[in-house]
Amino acid sequence: MQKGSIHEEFALKQTAPKIVGSGVMIGGDKVTVAYDLVEQMEYLYVRVVKAKELTKGVTGSCDPYVEVKVGNYKGITKHFEKKINPEWNYVFAFSQDRLQASYIEVCVKDKDVVLDDMIGRVVFDLVDVPRRVPPDSSLAPQWYRLEDKRGEKLKKGEIMLAVWRGTQADEAFSDAWHSDAAAVGSEGISRIRGKVYLSPRLWYIRVNVIECQDLLPSEKNRQPECCVKVMCGNQVLKTKISSIKSCNPMWNEDLVFVVAEPFEEPLVITVEDKIGSNFEFLGKCVLPLSIVPRRLDNKPVPSKWHNLEKHTVVEGEKKETKFASKIHMRLSLDGGYHVLDESIHYSSDFKPTSKLLWKSSIGLLELGIISATGLSAMKSKDGRGTTDAYCVAKYGPKWVRTRTIIDSLSPQWNEQYTWEVHDPCTVITVGVFDNGYLQGGKCTSIGKVRIRLSTLETEKVYTHSYPLIVLHPSGVKKMGEVQLAVRFSCTSYVNMLSKYTQPLFPKMHYAHPMSISQQDFLRFQTIQILSTRLGRAEPPLKKEVVDYMLDAGSHIWSVRRAKANFFRLIYVVSPLLAIGKWFDQICHWKNPLTTILIHILFVIFVLYPALIVPTFFLYLFLIGIWYYRLKPIHPPHMDIHISHAHGVFPDDLDEEFDTFPTSRGSDKVRMRYDRLRSIGGRIQTVIGDLATQGERFHSLLSWRDPRASALFVTFCLFAAIVMYVTPFQVVALLIGIYVLRHPRFRHKLPSLSTSFFKRLPARADCML
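Since we're looking at a predicted model, the values are computed, not measured.

A. The arrangement of the overall build of the protein in detail. When helices and strands are counted, the protein shows 14 helices and 32 strands. Within the protein, buried positions represent 48% of all 768 residues. Contacts spanning at least 24 positions in sequence make up 71% of the contacts within the protein whose residues lie at least 6 apart. By element, 59% of the accessible surface of the protein is carried by carbon and sulfur atoms, the whole surface being about 39,000 Å². For the protein, the centre of its 99 positive side-chain charges and the centre of its 80 negative side-chain charges are spaced 5 Å apart.

Next up, the structure:
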């Protein structure tokens, strides 16, 4: 019973929100149809545009601002000093379900040191406020004559306003002041608004260092041992020491960096001579990235010679010495690669950098971020726990951030977003955070959800409450639940199915592959660049948010992850062990009837070997059809059992949350411990990759990816028919000739079957 309650606590729960898309709500206007994955939220909007001919006192000058009051809620614009014709263009949004008033009062006041005086006001009855339904044009503001407290019109003073009812689908919603954030000052409003961010376009820049010519070392009687150091921003790479120890060394070595548009940092190439343990500077070349040619395929760009400049310091002044040293390089911005910023196992994008290589989209992904319940208190306020929660969703280069709901453990966002989908075998990540910017601190992660698109049926709306599971030093903990609505719409079913037969990555990844260490280095640099660029937006998407969404520390070794991957591998190979036990029972006549049937089947296959292969495919076809009734109906979610987080030991947790490098013990222990974690990280990755391959075999007939299973089952039926009508000897001969074909008839791209297999879903995206 205890295990059952634990499993239920961390389980995925199907919900029935009042949304049009799920069929719970019938009908609805244009707004509910356009925003059909979220619950409709009614708002009262007040747009304060400007005022004219405002006067107060003897001098006639004033410091005006506007105060909008609806019941207990009050919104205030900024004030202008000594201005009689101010312009604000500010929108206030008051939530309808919290309004306890029958009228709206818009007051223009004069800012004063002691007591603010009222210049005039305008009062609206809530019954008379019109309703605006997008895509109708926005309501035109009108001039209203100001009144005094007795309701008499003033001789001078008018204000331009627009008042209407609407929903969160209104264009003014994202930039409006919200009544549920009334406690936040005007300075903090920008930090709680919802925004859409776009990642900068990322490029791999390849620096092929070929050779140098006419270097001038300080010691002319000594043969220099030269290397080339290339810097691009914070990235620094060096070539090996040239095997040719002379003034004309050669390398022909590739160095790859990642850069983002717009290009800010130049390439700095320096040539150094190793003298003992020190390096002597021999020359430098600075090249802006704007002059580097771009290539889309594997054809090399022309190489060029560049002058090496050498600077010397004479009596405190930098003096340039001209000489004939040159460096021969081949530079290119490779647009045929996809720059990885996420783990390969749950990446949201595989498109190449250059838009010229992009293919048309295959569908749309729509996400409704509805609400959260039972969130853990992340901070204290007035002696009680509270949370200022917001969500961040990342798919491809597009990041979205909902508005922050202040002081609520059960926030309701009801915001809907859309992405174009170019590949169904991708994953969207949704994270929940506590906004710490209002207190001048950092944002704290509450939990995240990953949803693989290929596990979703097209045109179906999935409404579930996902558990937010986080591993703390004290153990695994549920931080609450987030309610999402997801729909994957397909524009061309044939194009989507054809994606399963295409390579996962662009062609350059196979024509000119990179090493694993190179990929790890470049991914780390990519995350740093994204953290910096998104942190400069307004409102900023801070480094801790970007790192958490991209799993920046997923490569660090931990005993728990190693155990989890090991048990994933055991689960995958367990059917082979079961087959061995079953065969052993057949040999020992545990079930005589079954053994006799196996003998008869064995004799038939020996006499008619042509029946073996078609019977095998027919068997897989029947098993696949039989498993169709058991196919998963829920999208994947974080699983504490797969992650091996339910039975983790305190010492393992202490090791996992230890700093890197470790802070436990002496320098010698630290060195050994770090080495162990680095080696263990590689082992962990290899075990995880083996488990992933096995899980992909399992997913062929599990209908976790319904389209892939449908393709495989159809192929099995087609293969069975072909094998029945074609002589086995002919099929075997054709297969043997194809497998042993000449290299001239081979190409570097993976085969259709390999591409299909790599696109099958695994359980890696269900791991913490």
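B. Structural view of a nonpolar patch on the surface. A grouping of Trp589, Leu593, Ile596, Leu597, Ile600, Phe602, Val603, Ile604, Val606, Leu607 and Tyr608 is seen on the molecular surface, where their side chains present a nonpolar patch of about 1,100 Å² in accessible area. Mapping Trp589 onto the fold places it in the loop between α7 (559–587) and α8 (592–607).

C. Looking closely at the UniProt feature "transmembrane region" (unreviewed entry) in the protein. The UniProt record marks residues 566–583, 595–628 and 710–740 with the feature "transmembrane region" (unreviewed entry), using the residue numbering of this structure. Helix makes up 100% of residues 566–583 and strand 0%, with an end-to-end C-alpha separation of 26 Å.

D. Fine view of the side chain of Lys448. Tracing the backbone shows Lys448 in strand β30 (residues 444–452). Among the polar contacts made by the side chain of Lys448, one reaches the main-chain carbonyl oxygen of Tyr548 at a distance of 2.7 Å. A distance of 2.5 Å separates the side chain of Lys448 from the side chain of Asp551, its partner in a polar contact. Excluding residues that lie within four positions of it along the chain, Lys448 makes contacts with Thr429, Val430, Gly431, Leu468, Tyr548, Asp551 and Met638.

E. Summary view of empty space enclosed by the protein. Applying the stated rule across the entire model yields three cavities of 30 Å³ or more. Here the largest cavity is characterised by a volume of approximately 60 Å³. In terms of lining residues, the largest cavity is bounded by Ala176, Trp177, His178, Asp180, Ala181, Ile189, Ile192, Arg193, Arg403 and Thr404. Here the residues of the lining of the largest cavity sort into five nonpolar, two polar and three charged. By volume, the second largest cavity is sized at about 40 Å³. In terms of lining, the second largest cavity is formed by Thr455, Glu457, Tyr462, Lys631, Pro632, Trp703, Arg704 and Pro706. In terms of residue class, the lining of the second largest cavity is made up of four nonpolar, one polar and three charged.

F. Local environment of the sheet that holds strand β13 (residues 226–232). Spatial ordering of the open sheet is given by β14-β13-β16-β17, a layout of four strands whose pairing is antiparallel. Whereas interior strands pair on both sides, the edge strands pair on one side only; in this sheet they are β14 (235–238) and β17 (278–287). Here the strands of the sheet are splayed against their neighbours by 20 degrees on average, with no regard to which way each runs.

G. Looking closely at the pattern of salt bridges. Under the definition given, this model contains 40 salt bridges. One salt bridge in this structure joins Arg295 and Asp334, with 2.7 Å as the shortest N-O distance. Linking Arg295 in strand β18 (residues 294–295) with Asp334 in strand β22 (residues 326–334), this pair joins segments that are 39 residues apart in sequence. Here the two residues Arg295 and Asp334 agree in accessibility, since each one is buried. In this structure, Arg759 and Asp423 form a salt bridge, with 2.6 Å as the shortest nitrogen-oxygen distance. With a gap of 336 residues between them, Arg759 in the segment after α14 (752–758) and Asp423 in the loop between β28 (412–421) and β29 (427–434) connect regions that are remote in the sequence. Put simply, Arg206, Asp254, Arg295 and Asp334 are held in one network by salt bridges that share partners.

H. Quick peek at the sheet that holds strand β23 (residues 363–373). Read from one edge to the other, the open sheet built from five strands follows the order β1-β31-β32-β23-β28, with strand pairing classed as antiparallel. The sheet is open, and its two borders are formed by β1 (13–14) and β28, each paired with just one other strand. As defined by bridge partners, β23 adjoins β28 across eight bridges and the pair is classed as antiparallel. Opposite Leu364, over in β28, you have Glu420 as the bridge partner.

I. Main features of the side chain of Glu695. The topology assignment puts Glu695 in helix α11 (residues 667–702). Side-chain polar atoms of Glu695 contact the backbone nitrogen of Arg763, separated by 2.8 Å. Once you skip the residues sitting within four places of it in the chain, Glu695 turns out to touch Arg568, Val572, Pro761, Ala762, Arg763 and Ala764.

J. View of the confidence of the model for the protein. Mean pLDDT over the protein works out to 85, with 92% of the residues at or above the 70 mark. Mean pLDDT across the elements of the protein bottoms out in strand β21 (residues 317–321) (51) and peaks in strand β26 (residues 389–395) (95). Here residues 312–316 scores under 50 on pLDDT; set against residues more than four positions off or in separate chains, the count is five contacts.

K. Broad picture of the packing of aromatic side chains. Scanning the model with the defined rule gives 19 aromatic pairs in all. On the basis of an interplanar angle of 65 degrees and a centroid distance of 5.5 Å, the ring pair of Phe92 and Trp177 is categorised as edge-to-face. Taken together, the residues span a long stretch of sequence, with Phe92 in strand β5 (residues 87–95) and Trp177 in strand β10 (residues 177–178) at a distance of 85 residues. For the pair Phe566 and Phe567, a centre-to-centre distance of 5.7 Å together with 75 degrees between the ring planes defines the contact as edge-to-face. Since its relative accessible area comes to 44%, Phe567 is described here as partly exposed. By way of ring pairs, the aromatic residues Tyr43, Tyr45, Trp164 and Phe173 are connected into one cluster. Directly above the aromatic system of Tyr65 lies the positively charged group of Lys111, at a separation of 5.8 Å from the ring centroid.

L. Structural context of the layout of surface pockets. A volume near 2,100 Å³ is recorded for the second largest pocket. Around the second largest pocket sit 42 residues that line it, and Phe616, Phe617, Leu620, Leu700 and Phe712 are the ones nearest its centre. When residues of the lining of the second largest pocket are traced back to their parent elements, those giving at least two are α7, α8, α9 (612–627), α11, α12 (706–725), α13 (728–739) and α14. It is α9 that provides the largest number of residues to the lining of the second largest pocket, a total of eight residues. Considering only residue class, the lining of the second largest pocket consists of 35 nonpolar, seven polar and no charged.

M. Broad picture of α9. With 16 residues, α9 extends 22 Å between its outermost C-alpha atoms, agreeing within 8% with the 22 Å of an ideal straight helix rising 1.5 Å per residue. Of all the residues in α9, the buried ones are Pro614, Phe617, Leu620, Phe621 and Gly624. Buried residues along α9 cover an arc of 125 degrees about the axis, so they all sit on one side. Summarising the geometry of α9, the exposed residues directed more than 90 degrees from the buried face are Tyr619 and Leu622.

Conventions and cut-offs
Residues numbered from 1 in each chain as written. Predicted model: local features only at pLDDT ≥ 70, side-chain atom pairs only at ≥ 80, totals over all residues. Heavy atoms only, no water. Helix = DSSP H or I, 4+ residues; strand = E, 2+ residues; numbered from the N terminus. Buried < 20%, exposed > 50% of the residue type's maximum accessible area, 1.4 Å probe, protein only. Contact = heavy atoms within 4.5 Å. Areas by Shrake-Rupley, 256 points an atom, 1.4 Å probe, with all protein chains shown as cover. Lys, Arg positive; Asp, Glu negative; His and termini not counted. Charge placed at Lys NZ, Arg CZ, Asp CG, Glu CD. Patch = residues over 30% accessible without salt bridge, like charges linked within 9 Å, V, L, I, M, F, W, Y side chains within 5 Å. Salt bridge = Lys/Arg side-chain N within 4 Å of Asp/Glu carboxyl O. UniProt positions renumbered as here; feature names shortened; annotations may be inferred. Polar contact = N/O pair within 3.5 Å; in protein donor to acceptor, adjacent residues only side chain to side chain. 1 Å grid on protein atoms, 1.4 Å probe; cavity = no way out; pocket = protein on both sides within 12 Å on 5 of 7 lines; lining within 4 Å. Points joined across faces, edges and corners; volume = space filled by probe spheres on them. Nonpolar A, V, L, I, M, F, W, Y, C, P; charged D, E, K, R; others polar. Pairing = 2+ DSSP bridges. Axes fitted to C-alpha atoms, helices over the stretch in contact; angles between N-to-C directions. pLDDT = per-residue confidence, 0-100. Phe/Tyr/Trp six-rings, centres within 6.5 Å; stacked < 30°, edge-to-face > 60°. Lys NZ or Arg CZ within 6 Å of the ring centre and 35° of its normal. Expected span 1.5 Å × (residues − 1). Arc of directions from axis to C-beta.

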